[in-house]
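# Summary of the model geometry
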Amino acid sequence: MGLTGLEIFKQLPRTNCKDCGSPTCLAFAMALANGKASLDKCPHVTDEARENLDSASAPPIKLIKVGTGDQTVELGDETELFRHDKKFYHPTAVAILVSDQEDVEAKVNQIKELEFERVGLKFITDMVVVKNDSGDADTYKAAVEKAAALTDKALVLMAEDTGVMAKALEVAAGRKPLVYAATAENYEAMTALAKDKGCPLAVRGKGLEDTAALVEKVAALGYKELVVDTGERETSKVLADLTQVRRLAVKKRFRPLGYPTIAFTSKEDPLEEAAQATVYLSKYAGVVVMKTAEKQHILPLLSWRQNLFTDPQKPIQVEAKMYGVGDVNENSPLYITTNFSLTYYIVEGEVEASKVPSYIIAVNTDGISVLTAWAAGKLTGESIAAAMKKAEVEEKLAHKKVVIPGHVAVLSGSVEESTGGWEVLVGPREAAGIPKYAKANFA
Amino acid sequence: MIIIGERINGMFTDIGNAIKDRNPAAVQEWAKKQEVAGARYLDINTGPASKNQAEDMKWLVEVAQEASDLPLALDSTNYDAIEAGLALCKRPAMINSVPAEMPKMERVFEMAAKYNAAVIGLAMNEQGIPKDAESRVALAMELVAMADAYGLHMEDLYIDPLVLPCNVGQDHGPEVFETLRQIKLLADPAPRTVVGLSNISQGTKNRELINRVFAVMAMACGLDAAIADACDDELVEAVATARIVLNMDIYCDSYVDVFRKQG
Amino acid sequence: MAFNLHKEKYRSKVSEVVLGATKEEGGTRSHTLTVGGESTLPFLQFEGDIPNRPIAALEIWDVAPEDWNPCFDPYYKDVYDNTGAWARKCVDEFGADLVLLRLKGADPDGKDRSPEECANTVKEVLEAVSVPLIVIGCGKGEKDNQVMPLVAEVASGEKLLMGVAEQENYKSITAACMVHKHNLIAQSPIDINICKQLNILINEMNLDLNKIVIDPTIAALGYGLEYGYSIMERARLGALGGDRMLAMPMIGNVGYEVWRVKEANASEEEFPGWGQQEERAILWETTTAVALLQAGMDILVLRHPKALEVVKKNIDELMESNKYE
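The following paragraphs examine the structure supplied in this document.

Procedures and definitions
Counting from 1, residues in each chain are numbered in the order their sequence is written. Whichever chain is written first is A, and whichever ligand is written first is 1; the rest continue in order. Reporting of local features is limited, given that this is a predicted model, to residues whose pLDDT is at least 70; pairs of side-chain atoms are given and counted only at 80 or more, and all residues count toward the totals for whole chains, interfaces and linings. Where side-chain values are given, they derive from all heavy atoms of the structure, hydrogens and water being excluded. The way it works is that DSSP assigns letters per residue, a run of H or I at least four long becomes a helix, a run of E at least two long becomes a strand, and they are numbered from the N terminus. Our radius of gyration is a C-alpha quantity, and the globule rule it is checked against amounts to 2.2 Å times the number of residues to the power 0.38. Relative accessible area decides the class of each residue, using a 1.4 Å probe on protein chains only: under 20% of the type maximum gives buried, over 50% gives exposed, and in between gives partly exposed. Contacts between residues were defined by any pair of non-hydrogen atoms, one from each residue, lying within 4.5 Å. Values of accessible area rely on a 1.4 Å probe in the Shrake-Rupley scheme; residue burial ignores everything except the protein chains shown. Here the positive residues are Lys and Arg and the negative ones are Asp and Glu; neither His nor the chain ends is included. Note that the charge is assigned to NZ on lysines, CZ on arginines, CG on aspartates and CD on glutamates. Buried area: the accessible surface (1.4 Å probe) lost by two parts on joining, summed over both. When a carboxyl oxygen of Asp or Glu lies within 4 Å of a side-chain nitrogen of Lys or Arg, that pair is called a salt bridge. In protein, a polar contact means a hydrogen-donor-capable atom and an acceptor-capable atom, both N or O and within 3.5 Å, with residues adjacent in sequence counting only if both atoms are side-chain atoms; elsewhere, any N or O pair within 3.5 Å suffices. For this scheme, ten residues count as nonpolar: Ala, Val, Leu, Ile, Met, Phe, Trp, Tyr, Cys and Pro. Four count as charged, namely Asp, Glu, Lys and Arg, and the remainder, Gly too, count as polar. Among the buried residues, those of types Ala, Val, Leu, Ile, Met, Phe, Trp, Tyr and Cys that are joined through side-chain atoms within 4.5 Å form a nonpolar core. In this analysis, rings of Phe, Tyr and Trp, with Trp reduced to its six-membered ring, are considered paired at centre separations within 6.5 Å, and the interplanar angle assigns stacked below 30 degrees, edge-to-face beyond 60, and tilted for intermediate values. Definition used: whenever NZ (Lys) or CZ (Arg) falls within 6 Å of the ring centre and also within 35 degrees of the ring normal, the charge is taken to sit over that ring. Disulfides are defined as cysteine sulfur pairs within 2.5 Å. Take the number of residues in a helix, subtract one, and multiply by 1.5 Å to get its expected span. The criterion for strand pairing is that DSSP finds at least two bridges linking the strands in question. Each axis is a line fitted through C-alpha atoms, taken for helices only over the stretch in contact, and angles between the N-to-C directions span 0 to 180 degrees.

## Some words on the overall build of chain A
Scanning chain A for helices and strands turns up 17 helices and 17 strands. At 29 Å, chain A has a C-alpha radius of gyration far larger than the 22 Å of a compact globule built from 443 residues. Each principal axis of the C-alpha atoms in chain A carries an extent, and together these give about 85 × 65 × 35 Å. A burial count over chain A gives 54% of its 443 residues as buried. Long-range contacts, defined as pairs at least 24 residues apart, comprise 64% of the intrachain contacts of chain A with a sequence gap of at least 6. Of the roughly 18,200 Å² of accessible surface on chain A, 48% is carried by carbon and sulfur atoms. A gap of 5 Å separates the mean positions of the 53 positive and 61 negative side-chain charges of chain A.

## Focus: the interface of chain B and chain A
Taken residue by residue, the interface counts 14 residues in chain B and eleven residues in chain A. For the pair chain B and chain A, the summed buried surface comes to about 950 Å²; carbon and sulfur atoms form 68% of the total. Taken as a group, Met 141, Asp 148 and Asp 188 of chain B account for 46% of the area that chain B buries against chain A, more than any other trio of residues on that side. The interface formed by chain B and chain A includes one salt bridge. A salt bridge links Asp 148 of chain B to Lys 10 of chain A; its shortest N-O distance comes to 3.3 Å. Counting across the interface, chain B meets chain A through four residue pairs in polar contact (both at pLDDT 80 or more). Within the side of chain B that touches chain A, the residues separate by chemical class into ten nonpolar, no polar and four charged.

## Digging into the side chain of Asp 107 of chain C
Counting through the fold element by element, Asp 107 of chain C comes out in the loop between β4 (98–102) and α3 (115–128). Filtering out sequence-adjacent residues up to four positions away, Asp 107 of chain C remains in contact with Asp 112, Cys 138 and Lys 140 of chain C.

## Considerations on unusual backbone geometry
Residue Met 102 of chain B is joined to Pro 103 of chain B through a cis peptide bond whose omega torsion reads 0 degrees. Summarising the element assignment, Pro 103 of chain B is placed in the loop between β4 (94–99) and α5 (104–115). The peptide bond linking Asp 188 of chain B to Pro 189 of chain B adopts the cis configuration, its omega dihedral lying at 0 degrees. Tracing the sequence through the fold places Pro 189 of chain B in the loop between α7 (172–183) and β7 (192–196). At Arg 14 of chain A, a position not held by glycine, the phi torsion is positive, near 60 degrees. Locating Arg 14 of chain A in the fold gives a position in the loop between α1 (5–11) and α2 (25–33). For Arg 14 of chain A, a relative accessible area of 47% gives the class partly exposed.

## Topic: the nonpolar core
When a protein is soluble and globular, its nonpolar side chains tend to lie buried together. Residue and element names in this part refer to chain C. Within the largest apolar cluster, 211 residues are counted, with the highest numbers of intra-cluster contacts made by Tyr 76 and Ile 134. Broken down by element, this core gets its largest block of residues, nine residues, from helix α10 (residues 277–293). When neighbours within four sequence positions are excluded, Ile 134 is seen to be in contact with Ala 57, Leu 98, Val 99, Leu 100, Leu 101, Leu 161, Ile 185, Ile 251 and Ile 299.

## Focus: the packing of aromatic side chains
A complete count under the given rule lists 28 aromatic pairs over all chains for this structure. A ring pair is formed by Phe 72 of chain C and Tyr 76 of chain C, whose centres lie 5.8 Å apart and whose planes are at 20 degrees; its orientation type is stacked. Of the two residues, Phe 72 of chain C and Tyr 76 of chain C, neither departs from the other in class, the shared state being buried. Through a chain of ring-to-ring contacts, the aromatic side chains of Trp 61, Trp 68, Phe 72, Tyr 75, Tyr 76, Tyr 80, Trp 86, Phe 94 and Trp 259 of chain C assemble into a single cluster. Above the plane of the ring of Phe 9 of chain A lies Arg 14 of chain A, whose end atom (NZ or CZ) is 5.4 Å from the centre. Sitting above the plane of the Trp 30 of chain B ring, Lys 33 of chain B keeps its charged end 4.3 Å from the centroid.

## Quick notes on the interface of chain C and chain A
One frequent convention defines the size of an interface as the accessible area lost when the parts assemble. Counting from both sides, the interface comprises 55 residues of chain C and, opposite them, 54 residues of chain A. Taken together, chain C and chain A are joined by six salt bridges. Every element with two or more residues in the side of chain C that touches chain A is listed here: α7 (225–240), α10 and α11 (305–319) of chain C. By residue number, the principal contributor to the side of chain C that touches chain A is α10 of chain C, which donates nine residues. When grouped by side-chain class, the residues that make up the side of chain C that touches chain A number 27 nonpolar, 13 polar and 15 charged.

## A word on the state of the cysteines
A full pass over the atoms with the stated rule returns zero disulfides over all chains. Residue Cys 177 of chain C stays outside any disulfide, its sulfur separated by 16 Å from that of Cys 118 of chain C, the closest cysteine. Lacking any disulfide linkage, Cys 195 of chain C is separated from the closest cysteine sulfur, that of Cys 252 of chain B, by 9.8 Å.

## Here's the deal with helix α4 (residues 141–154) of chain C
All names here are of chain C. End to end, α4 covers 20 Å across 14 residues, agreeing with the expected 20 Å (1.5 Å per residue, within 8%). Listing the buried residues of α4 in full gives Lys 143, Asp 144, Val 147, Met 148, Val 151 and Ala 152. In this fold, the buried residues of α4 make contact with α3, β5 (133–136), β6 (161–165) and α5 (171–180).

## Quick word on the pattern of salt bridges
All names here are of chain B. The tally for this structure, following the rule as stated, stands at 53 salt bridges over all chains. Close ionic contact of Glu 234 with Arg 212 constitutes a salt bridge, the shortest N to O distance being 3.5 Å. Linking Glu 234 in helix α9 (residues 233–245) with Arg 212 in helix α8 (residues 207–220), this pair joins segments that are 22 residues apart in sequence. Classification of Arg 212 as buried rests on a relative accessible area of 16%.

## Topic: the pairing of strand β1 (residues 16–19) of chain C
Residue and element names in this part refer to chain C. Alternating residues of β1 divide into Val 17 and Leu 19, all buried, and Glu 16 and Val 18, none buried. Sheet analysis places β1 next to strand β2 (residues 33–36), joined by four bridges and oriented antiparallel. Within β2, the position partnered with Glu 16 by the bridge is Gly 36.

## Here's the deal with the side chain of Asn 183 of chain C
All names here are of chain C. One can find Asn 183 in strand β7 (residues 183–187). A polar contact of 2.9 Å, which involves the side chain of Asn 183, links it to the backbone oxygen of Val 18. Residues within four places of Asn 183 in sequence aside, it is in contact with Val 17, Val 18, Leu 19, Lys 159, Leu 160, Leu 161, Met 162, Cys 177, Asn 210 and Lys 211.

## Focus on the sheet that holds strand β12 (residues 287–290) of chain A
All names here are of chain A. Spatially, β10-β9-β8-β7-β6-β3-β12-β11 is the arrangement adopted by the eight strands of the open sheet, whose pairing is parallel. With one partner strand each, in any of the chains shown, β10 (226–229) and β11 (262–264) form the two edges of the open sheet. In this sheet, adjacent strand axes meet at a mean angle of 25 degrees when their direction is disregarded. Seen against the sheet, helix α6 (residues 162–172) touches β7 (154–158) and β8 (178–182) and runs at an angle of roughly 165 degrees to β7. Along the sheet, helix α10 (residues 270–282) makes contact with β3 (93–99), β11 and β12, crossing β12 at roughly 175 degrees.

## Regarding the sheet that holds β4 of chain C
Residues and elements named next belong to chain C. Within the open sheet, the eight strands sit side by side as β8-β7-β6-β5-β4-β3-β10-β9. Their pairing is parallel. A single partner strand is all that each edge strand has here, and the edge strands are β8 (212–215) and β9 (251–252). Most of the contacts of helix α6 (residues 192–204) go to β7, to which it runs at about 145 degrees, and overall it touches β6, β7 and β8.

What follows is the structure in structure tokens.
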């Protein structure tokens, strides 16, 4: 959305000099808001006002890229506060911390193993943060070089001494790492470094307002490839700051905070750390930095990210295939449903509750529910028969009975026909009826 | 859309007599009735026959507040009468109304700031009511800039694009809708909008049907409030339904009852 | 640019529900627990009040569960057969704010316990612990309609939180709550419209709105958690915007949902890529709970004591003031 008439009016001199050709500054502001005039017509507008007006057309949160190639991470460019209003676009990047005082090779290799397969999807962590704890430039450079050699993941270089950072960038600048961080003490030199190497730069202040002021100073040096850290580390305060940054950027177009955010966990216990990271991931963090790299600590967080960043308008699907629930064999009953994940999981839950080991075929309906799919012609005798054939039911089962959802009882005949004589049983209309149905028919 | 109940107006015989006789019964009955029916403000107008508008306004404010907890919209062109009423209001009130004219805007916005009141601003000036949307919006912008200068929140400024009866000013209809849409783009947060609903049907047959249809169409263009007959059940039902269709309230089977109870 | 915080001004707030009654109030609890009352989104104390911290219950059964994961054994095995002792352990040893008793034994397809037996178990638990109590039926409507009225009667005045009322079956439990002054869980199937309508139906039977707790039904992490999450966010925004029929505190059966899924139960041998089972399961439960806290959950029902511990610590941290100076 562009600027409103009032916002433009406030940037104008308000002298009603008529030099622009409009009778009043108010009229000129209206013309600008409607795109019927150009700001150039006003000879008296200040440079500051011009910049404020120009930047208003940019997206509320700048898109920042970290890394190179396939593993480039895109941060920011969000427009919503709640996923149900539209959707969240760029999933929070999950980064894992490596200290230059630990065994870098071991930790990076551990991080590389954090790749999970679930529900037909692959989940990975996105970034490796190499932190300068040693205080020594050569040690740090070697650690960065080693990490860069071991992984293609995007890197975050974490060192506040600009000399240390400069040295590390000699070997890593080509990977476009996130340079962390410009602070009140070092921002001039750190900004010059990042700008020179074309690497994105994190800006860390002391609280929200101080951070905004520091970002303005960095921006005044001519660099805007930024990520912000308000410096808070306590859970509730980080939540407050992340919320404010998102709101100010999206609802107020407040430029100094119109960048993605980075949040660091502070808890030492890995379970508490994971809980803290869950809060930040839920509420707007662009990057969340974790210390633990154990599989069981990271998988839940990545699963939540996958859930949260799905498009609410677009149904999520399970893989269209045959699933076995419980200890199935060739005599187990066979149920049909669709591959809309919510539908499938409800059916799966009830089949499980029935305590009768069974097969379920999720027919590919592009992720829509039973009745909708039937109405759209995506759940038909033919599509059911095709799915059964693909699942090789004839080979896997010793019987020829198939249960279809009660809502599509009308498909009985066509399923029978398309499958070449399978006996079609009409199941309950709602999944909740499955346990009772199974007890009556298969127990 | 919130309904500002129009019934406490000296133009109606029962209210006119009530004012004359200082008999609160009719005023209080309508205050309660409109509240139960779904009104969220009560419009208070002494009517044209009032000899002493300030005194009549004060009396109406007091007796209405005895009967209902709804905030009041003080409706007069006599700003002294409005100020006298504002001083007695227990809840932040609404000033109805001011045109985009100096020095009226100065007087009204100053008063609004002093009494923490909302203001209905009319998209008209000394030259009258403009015909096209563009000129109406320009006047709206003047109201917005002035309200902002006096520190009024945009949520407390209700701009009335001015509705003309559809049998005489048929060509104004589309301009009013366009004005409603554009007013929402004047500031962020946007100012609110209001109409005097029954104007659209003055002098026509089918008055209630015209009011209802206009109300839902205007809501689709962003209308926030209307001075209207809160006791027109079908109007209230149409408004409740439009709120559902526009995703302003969360649907449930009893949504009309819910709307009546909580607005 | 001038810096100004962005604070929302909400019209309304979440209703407050009081669970439990002390002796003076006609019950036998040592203290009451109040939930709800928020006047802003979760934990945003910089713009509103969070007068009552979210609370966490542990779930217990009136019969020994046959299919709970063996990782529970070190915690519960010795008390599975003694519901009162199980409740006591949850409160005294594991620090649960309160206990949810699921009357699983009533299930006609299981032990088919009589209403009288169920009522006795409720009494046993009330004697074993002094915290407020949540009691829910076996989930089979017909049977629960026989069991819950008797439970309400024997616990009269204790201000239990009782469940569940559903759109197709709410009258008898609502009536029982009215007569014996309990609170009620209104459960809707991940559907905000039914959620709202059910509250209206219950309220039309004259149960006060501040006696109702919403169960929006949530799925486990990875199994559609985001649906419930978004419904809760919408309901809470509705509540803050003045929709009284959605302005109740919310409860979620986190443990029940999480411990049904593969990611909580599968061994590391089976899925080496998923890491150690028990910690994974604890975090599956914790992550589900912590995410839901961010959508406005007021009462979390958990199973694993370690998950309870981590979730309570997370709540402690979030209840620290984040007001700006």
